[in-house]
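Next come the chains, spelled out residue by residue.
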Amino acid sequence: MLTANRLIDGTVLYWRGGGWVETLGEADVFAEPQTADAALAAAKDFVTRNVVVNPYLFEVKDGRPVAEREIIRAAGPSVRRDLGKQADV
Amino acid sequence: MYRYDEFDARFVAERTEQFRFQVERRLKGELSEDQFKPFRLMNGLYLQLHAYMLRIAVPYGTLSAPQLRMLAHIARKYDRGYGHFTTRQNLQFNWPKLKDVPDILAELATVEMHAIQTSGNCVRNVTSDHFAGADAEEVEDPRPVAELIRQWSSLHPEFSFLGRKFKIAVTASGHDRTALRYHDAGVEIVKNSDGRVGYRIYVGGGMGRTPYLSYVVAEFIEKPDLLAYLEAILRVFNESGRRDNIYKARIKILAHTLGVTAMRDRIEREFAEIKAAGTLEVPEKECARIEAYFAPPAFADLPETALPTGGALGDWVTSNTHPHRVRGYTIVTISLKPIGGVPGDASHEQLDGLAALLDDFSLGELRVSHEQNLVLPHVRIKDLPALHERLTALGLATPNAGLITDLICCPGLDYCDLANARSITIAQEISKRFADGARQHEIGDLKIKISGCVNACGHHHAGHIGILGVDKKGVEYYQLLIGGSAAEDASIGEILGPGFGEHEIADAVERVVDAYLKLRQPGERFLETSRRLGLEPFRTAAYGEQRDGAD
Ligand code: HEM
Ligand code: SF4
C-alpha cells in the first residue's frame, strides 16, 4: 500500500485510485510491484504540488500492515486508544 | 528566576514572524519540503508518525504559573489536551497542525517561551539541575552560568551551523542530576582549595548509537574565562569534527579519537589565543546582572520543622521530598509516573491545576527534571499535608520518586518516526508489575530507562537497568542493559545478551530484580551490586527460563 502525511496538518493518508483517503481500510492494495511503483510515481506529483510529504510504500498481508509501525500509524498511539484514527471509528 | 530581557523579546518576535512567513510560503507552495525543513527544525517542529510534533524549550527547566497556564491553553486549543515532558527539559506537543504553529509560537512568546535551540545543529538549550537554587549541597545556583552560556551561544554566528548538535549541562552539586557526563560539554561549578568558585569542564559525552562518558579537560577555569574556554572547545569541534558522516559528527567521536591529552592541548591553544584577544572575558557587571534575574525568592524565617510521617502522606514525603538549603522548607518532586501511565505526560487540567498551586505552595516556581518529573523547589514543610491533598486531587501524588516505577521512557513507536519498537507499553507493564509500594521501597534506588531505538532519547545506556527497543523484521524486540548511571558515578550499561520479545521483557526485568534482592549486601543499591558481581548472575537470572530470544 501507499501512504504519506498531509502537509497542512500531518494527518496520515493512504492512496486510493489516484487520490488520498484517511483510513487504511478504504485504500488500494497493490498486488503487483509495477502498479505500486506507478502509484508512488503519481504520488510524487502531490509532493510537488505541496499536498503531501514523504510518500512511501509498505507491505500488507491480508489487508493488514506487516510492520508494527504501520499498524500504529493506521490506528493511533496504542497507549492512547482515545486518540488518532482509532478514536474516530 | 529566568527573565527574558528586551533583546530576547525582540529576537523571539522576529523569529516567530519569520517562521509565519515561511509557513505561509510553504502552504502556498513557494517552498518545497526540502527548502522548508531546516526552518521547521530550527523552530522545534518535527513530523512524527501521526502528526507534527512541536518541541518547546523550558530554559533550566523553570516554569511560572502564567507559562503553565499557557501550555494548558495550547494543549486544549491546538493539541489533544496534553503535553509530554522530555528528558531534555523540553515539552513536546504531539498533534499540532502546521498551519497553527505560527499562532502557537506567537502565543508562547507572550509568556516568554519559544522553541528556539530545541533542534538543529546548534548549541541546544542549556540544561541545569532541577533543584538549582534550593539544594542544600550546591556550591552556588548554576542557572546564571547556564543563562550566560545561552546568551552567548544562541546568537553566535559561527555556532548556528555546527557539524552536529551540541548539548551543554551545568551543575553545582556533588550529586549530579543533569546527566553531566553524557553531554557534549559539561560545566561543574566547584570551589578550589582557596575557596574560590570556578569551573571544572568536561568534554566528549553523549548517548546515541555510540555512547561515551565525557572526561575532564580543565580542572579549574576562573569565572571570567568561562566563555573563552567554551569557545575554544567549539572552535576545535568546528575545525576538526567530522562532517562527512552523521554518525561520527558529534564531539564525542573527536574527543575519544584524539584522546584527552591531544584534545586538551588543542583546546588550550585556542583558549590562549582567545584570551590574548581579550574579547570574551565575562565582565563582573554582566554576571551580576544575570545573577539578579535568579535572585533567591523571599524565604520566610521559619522554625525547624519535622517532616510529616505515617500513612499515604508519609510514604509520599519519604520518596518525594529532598532537603532544602533554607530551614523550614523542602523540595517536592511531583511524579509524572502514575502506575501504568505514560511517563512524562501531563494533561491540560493538570497543568492548570499546578499553575493554581504555585503561588500558594512554591513561591511561584515549578521545575522540569530530566527524569520527566516536575519539581516544586520551595515548599514550606508545614504545607506538605495541604499540598499532598491538592496533588492527590490532580492525580499527581504518586509516591515513587527515585523508585523502580519512576521510569524514564521515550515516546517510542507510539509516536516517533525513528522508532524501532514501542517503549511506553513496556514502561507501563513494568510499572504495573512493581506497583506495590512496600516492594518498591524494599528494592530502593533503581533506575530503569527505556528507548525505542539507538538514538537513546530514553537514556537506556544510563539506566541501572536499560531497555533498548530493536526491530527484527517488523517485530519488536528488547535488549536489556545492566549497570549504567547518569549521576556522579556515571557509567555506560552493558548489553546482557539476546533480546526479549514484547511479552517477555517485563518478566526478564522482574527476574533480574529478584536476583538483586537475593544477592545484595546490606545497604547495597542495585548499581553497586551489579558492579560488585558483574553481569553473569543477572544474565543467568534473565535467561534462566527461556533462551529463545532474538540477537
Ligand atoms: C519524538 C521525537 C524525537 C525525535 C525525532 C528525536 C530524535 C533524536 C535523534 C535523531 C537523536 C540522536 C542524535 C545523535 O546521536 O546525534 C536523539 C537524541 C536524544 N534525544 Fe531525541 N528525539 C525525539 C524525542 C525525544 C524525547 C521525547 C526525548 C526525551 C524523553 C529526547 C531526548 C533525547 C536525548 C537525551 C538524546 C541523547 C543525546 C545524545 O546523543 O547525547 N528526544 N533524539
Ligand atoms: S530513542 Fe528513538 S524511538 Fe525514542 S524518541 Fe528517540 S528517536 Fe524516537
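Starting from 1, residues in each chain are numbered consecutively following that chain's sequence as written. Chain labels run from A onward and ligand labels from 1 onward, assigned in the order the entries are written. Two thresholds apply to this predicted model, a pLDDT of at least 70 for residue-level local features and 80 or more for giving and counting side-chain atom pairs, whereas whole-chain, interface and lining totals are computed over all residues. Calculated side-chain values reflect all of the structure's heavy atoms, with hydrogen atoms and water omitted.

1. With respect to the overall build of chain A
Regarding its fold elements, chain A presents three helices and six strands. Helix numbering and strand numbering both begin at the N terminus, where a helix is a DSSP run of H or I of at least 4 residues and a strand a DSSP run of E of at least 2. Going residue by residue from the N terminus, the α and β elements of chain A occur as β-β-β-α-β-β-β-α-α. Every radius of gyration here is taken over C-alpha atoms, with the globule rule written as 2.2 Å times N^0.38, N being the number of residues. A compact globule built from 89 residues would reach a C-alpha radius of gyration of about 12 Å, and chain A, at 13 Å, matches this within 12%. Principal-axis analysis of the C-alpha atoms gives chain A an extent of 35 × 30 × 20 Å. Buried, partly exposed and exposed residues are distinguished by accessible area as a fraction of the type maximum, computed with a 1.4 Å probe on protein chains only: under 20%, between the cut-offs, and over 50%, respectively. Counting over 89 residues, chain A shows a buried share of 52%. When contacts within chain A are restricted to residue pairs at least 6 apart in sequence, those whose partners lie at least 24 apart make up 46%. All accessibility values rest on the Shrake-Rupley procedure with a 1.4 Å probe; residue burial counts only the protein chains present in the view. Summed over its atoms, the accessible surface of chain A is roughly 4,400 Å², and 52% of this surface lies on carbon and sulfur atoms. Lys and Arg are tallied as positive, Asp and Glu as negative. Neither His nor the chain termini are counted. Every charge is mapped to an atom, namely NZ of Lys, CZ of Arg, CG of Asp or CD of Glu. Charge-centre separation for chain A: the mean point of 11 positive side chains lies 4 Å from the mean point of 13 negative side chains. Note on definitions: a residue-residue contact is assigned when non-hydrogen atoms from the two residues lie within 4.5 Å.

2. Considering the overall build of chain B
The secondary structure content of chain B amounts to 17 helices and 21 strands. Rg of the C-alpha trace for chain B: 23 Å, near the compact-globule value of 24 Å for 551 residues, within the 12% margin. Expressed as a percentage of its 551 residues, the buried residues of chain B come to 62%. Residue pairs in contact within chain B that sit at least 24 positions apart in sequence constitute 68% of those at least 6 positions apart. Charge-centre separation for chain B: the mean point of 65 positive side chains lies 3 Å from the mean point of 75 negative side chains.

3. Considerations on the interface of chain A and chain B
Listed by partner, the interface residues are 23 residues for chain A and 30 residues for chain B. When the buried area of chain A at its contact with chain B is split by residue, Leu7, Arg69 and Val79 of chain A rank highest and sum to 25% of it. Salt bridge, as used here, is a side-chain nitrogen of Lys or Arg placed within 4 Å of a carboxyl oxygen of Asp or Glu. Our count for the contact surface shared by chain A and chain B stands at two salt bridges. In this structure, Glu68 of chain A engages Arg422 of chain B in a salt bridge whose closest nitrogen and oxygen atoms are separated by 3.4 Å. By buried area we mean the combined loss of accessible area, with a 1.4 Å probe, across both parts when two parts are placed together.

4. Thoughts on the domain arrangement of chain B
All names here are of chain B. Each domain span listed reflects an automatic or database assignment of domains. With domains assigned, chain B is organised as domain 1 (6-109), domain 2 (142-291), domain 3 (311-393) and domain 4 (408-542). A separation of 28 Å is found between the C-alpha centroids of domain 1 and domain 2. Listed by partner, the interface residues are six residues for domain 1 and seven residues for domain 2. Note on domain 1 versus domain 2: buried area summed over both sides is about 680 Å², and carbon and sulfur give 60% of it. Three residues stand out in domain 1 for area buried against domain 2, namely Asp8, Tyr60 and Arg88, and they jointly supply 68% of the buried area on that side. Across the domain 1-domain 2 interface, the total number found is zero salt bridges. Residues are grouped as follows: Ala, Val, Leu, Ile, Met, Phe, Trp, Tyr, Cys and Pro are nonpolar; Asp, Glu, Lys and Arg are charged; all remaining types, including Gly, are polar. Taken together, the residues of the side of domain 1 that touches domain 2 break down into three nonpolar, one polar and two charged.

5. Describing the pairing of strand 15 (residues 374-380) of chain B
Residues and elements named next belong to chain B. Most of strand 15 sits out of view: six of its seven residues are buried. Relative to strand 15, strand 12 (residues 329-334) runs antiparallel, the two sharing five bridges. Bridge assignment links Thr330 to a residue of strand 15, and that residue is Val379. Across two bridges, the pairing between strand 14 (residues 366-368) and strand 15 is antiparallel. Paired with Arg367 across the two strands is Val375, which belongs to strand 15. Should DSSP find at least two bridges between two strands, the strands are taken to pair. Linkage of strand 14 to strand 15, two consecutive antiparallel strands, is achieved through a turn of five residues, within which Gln372 is found at a positive phi near 60 degrees.

6. Some details on empty space enclosed by the protein
All names here are of chain B. Here a cavity means grid points, on a 1 Å grid over the protein atoms only, where a 1.4 Å probe fits yet cannot get out; a pocket means an open set of points with protein on both sides within 12 Å along at least five of seven lines; lining residues are those with an atom within 4 Å of a point. Grid points are joined across faces, edges and corners, and a volume is the space filled by probe spheres set on the points. Under the counting rule described, the total for this entry stands at six cavities of 30 Å³ or more. Around the largest cavity sit Glu140, Pro144, Val145, Leu148, Tyr199, Lys223, Cys287, Ile290 and Glu291, which together line it. Looking at the lining of the largest cavity residue by residue, the classes come out as six nonpolar, no polar and three charged.

7. Notes on the site of ligand 1
Residue and element names in this part refer to chain B. Any residue with a heavy atom positioned within 4 Å of a molecule or strand is treated as near that molecule or strand. The full set close to ligand 1 counts 24 residues, and Thr87, Lys165, Lys167, Met207 and Cys457 are the nearest of them. Any N or O atom pair separated by 3.5 Å or less is treated as a polar contact, with the protein-specific requirement of one donor-capable and one acceptor-capable atom, and with residues adjacent in sequence counted only for side-chain atom pairs. With respect to ligand 1, the backbone of Met207 contributes an N or O atom lying 2.9 Å from an oxygen atom. Residue Arg250 places a side-chain N or O atom 3.0 Å away from an oxygen atom belonging to ligand 1. Among the residues making up the shell around ligand 1, the classes are represented as eight nonpolar, ten polar and six charged.

8. Some points on the coordination of the iron atom of ligand 1
A lone protein donor binds the iron atom of ligand 1: Cys457 of chain B (SG), at 2.2 Å. Position of Cys457 of chain B relative to the elements: it lies in the loop between strand 17 (448-451) and strand 18 (465-472). Listed donor atoms are N, O and S within 2.8 Å of the metal (Na, K and Ca: 3.2 Å). As water is not included, a site may look incomplete.

9. Observations concerning the pairing of strand 12 of chain B
Where a strand is regular, its side chains alternate between the two sheet faces. Residues and elements named next belong to chain B. Within strand 12, six of the six residues are buried, leaving the element largely enclosed by the surrounding structure. Across the two faces of strand 12 the burial is the same, with Tyr329, Ile331 and Thr333 and Thr330, Val332 and Ile334 all buried. Pairing of strand 11 (residues 321-323) with strand 12 involves three bridges; the strand directions are antiparallel. Across the sheet, Thr321 pairs through a bridge with Val332, a residue of strand 12. Linkage of strand 11 to strand 12, two consecutive antiparallel strands, is achieved through a turn of five residues, within which Gly328 is found at a positive phi near 90 degrees.

10. Brief notes about the nonpolar core
Residue and element names in this part refer to chain B. In this text, buried Ala, Val, Leu, Ile, Met, Phe, Trp, Tyr and Cys residues form a nonpolar core when linked through side-chain atoms within 4.5 Å. One finds Leu63, Leu71, Phe85, Leu108, Trp316, Leu387 and Leu391 to be the most contacted residues of the largest nonpolar core, which totals 56 residues. At seven residues, the largest contribution of residues to this core is made by helix 3 (residues 65-77). The residue makeup of this core includes at least three contributed by each of domain 1 (6-109) and domain 3 (311-393). In this structure Phe85 touches Leu63, Asn90, Leu91, Leu336, Gly344, Ala346, Leu351, Val368, Gln372 and Leu374, once residues within four positions along its chain are discounted. Core analysis: the second largest hydrophobic core is formed by 45 residues, Val123, Ile201, Leu226 and Leu280 among them.

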